[in-house]
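# Architecture and fold: a report
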Amino acid sequence: MGNGVREGRVDFKHQDVEPVTSTHLPSEGNQEKKKVLNSLMSGALAGAVAKTAVAPLDRTKIMFQGESHRLLQNALLAESKPAPEAYRLIYRTYLNEGFWSLWRGNSATMVRVIPYAAIQFCAHEEYKHLLGSYYGFQGKALTPFPRFIAGSLAGTTAAMLTYPLDMVRARMAVTPKEMYSNIVHVFIRISREEGLKTLYRGFTPTILGVIPYAGLSFFTYETLKKLHADHSGKLQPSPPERLLFGACAGLIGQSASYPLDVVRRRMQTAGVMGHTYSSILLTMQEIIREEGLIRGLYKGLSMNWVKGPIAVGISFTTFDLTQILLRKLQHSTNVER
């Protein structure tokens, strides 16, 4: 009977431990899934809001980069107002094509930017976690180098998975609406007339540009948040402070990668602009030879100093605030249960 009691106690203990183990692991898995889903949703919303806000400037920048300096000058000779060329081009587009034409190609932008931003922000959170584990900073802010690497890897991952959509957006932005009726039409015409490999034209400069752009953007934003926390004693910056930190991040990141951004656009739009660019170096050489170093490779940068900080500031701020909101909603739901 003593043995029976002991065996019963052993069985009871075993049965008591088992349910805890079996319920614990799925709980961790669910938490991880929720975290990834929150990052994807927050990133998608951040990209959509930011890009829609600056869509007119974005379209004009692509047109400004895609056209040769000579053609652009001829197109702007009729303008007499003493405004920068890029902003005169916005005004000219508005007069000739109407107000909503400034958002032409924004549907293609949304198709690209929603998955791009979702993947980039989610990947950044995951890379921070992985690098934190690798370098022993789990639960703490990463040191500068891993912080830069996490941003670069996140941008590269997103660019690789969504590049053809970026190509389509560039084509729709620089062509008259009669040429391409919708996004699917762009894919069909490019594939039929220029070949499927055209969808990846400009891919190499894109990746080379994304590495410093995403790396410096995320690095700057995360660094400014950490410095703010260290000096102010506040765990989280306010929304205006987030906007400011994001604006600084966008200014630094886009300035560093801008020449490669110009090369990428030229290679993407070569098929409809009457040019043939076979490599990054040859494209750079032709741009510099025809238009000069500053006027060519940095064309439209002044406008990017307006557009970039606004877009990145809105993007980072929207992502952070959406993440905070989703966590609060999940926490309140868990408490009610």
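Residues numbered from 1 in each chain as written. Predicted model: local features only at pLDDT ≥ 70, side-chain atom pairs only at ≥ 80, totals over all residues. Heavy atoms only, no water.

Attention now moves to the confidence of the model for the protein. With 79% of its residues at a pLDDT of 70 or more, the protein shows a mean pLDDT of 80. Per-element mean pLDDT across the protein ranges from 41 in helix α3 (residues 69-76) up to 93 in helix α8 (residues 203-232). Low pLDDT, under 50, characterises residues 1-25; the predicted model gives this stretch zero contacts beyond four residues in sequence or across chains. Taken as a whole, residues 68-83 scores under 50 in pLDDT and shows 24 contacts with residues more than four places along the chain or in a different chain. (pLDDT = per-residue confidence, 0-100. Helix = DSSP H or I, 4+ residues; strand = E, 2+ residues; numbered from the N terminus. Contact = heavy atoms within 4.5 Å.)

The α-helix advances 3.6 residues per turn, and as a result positions three or four apart in sequence lie on the same side. The end-to-end C-alpha distance of helix α10 (residues 280-291), which contains twelve residues, comes to 16 Å, matching closely the 16 Å that a straight helix rising 1.5 Å per residue would cover. Remark: G292 follows α10 within two positions and exhibits a positive phi of approximately 95°. (Expected span 1.5 Å × (residues − 1).)

Mapped onto the elements, T162 comes out in helix α6 (residues 144-174). When its relative accessible area of 4% is taken as the criterion, T162 is described as buried. With near-sequence residues (within four places) excluded, T162 lies in contact with R112, P115, Y116 and I119. (Buried < 20%, exposed > 50% of the residue type's maximum accessible area, 1.4 Å probe, protein only.)

Glancing now at the pattern of salt bridges. In total, this model carries eleven salt bridges according to the counting rule given. Notably, a salt bridge pairs D166 with R112, separated by 3.2 Å at the nearest N-O pair. Pair noted here: D166 is in helix α6 and R112 is in helix α5 (residues 106-135), with a separation of 54 residues, a long-range link. There is no split in this pair, since D166 and R112 are both buried. The salt bridge involving D320 is made with K225; its shortest N-O contact spans 3.3 Å. One end of the pair, D320, is in helix α12 (residues 301-336); the other, K225, is in helix α8, and 95 residues separate them in sequence. Comparing D320 with K225, the two get one shared label, buried. Ionic contacts of the salt-bridge type, sharing partners, join the residues R112, D166, D261 and R264 into one network. (Salt bridge = Lys/Arg side-chain N within 4 Å of Asp/Glu carboxyl O.)

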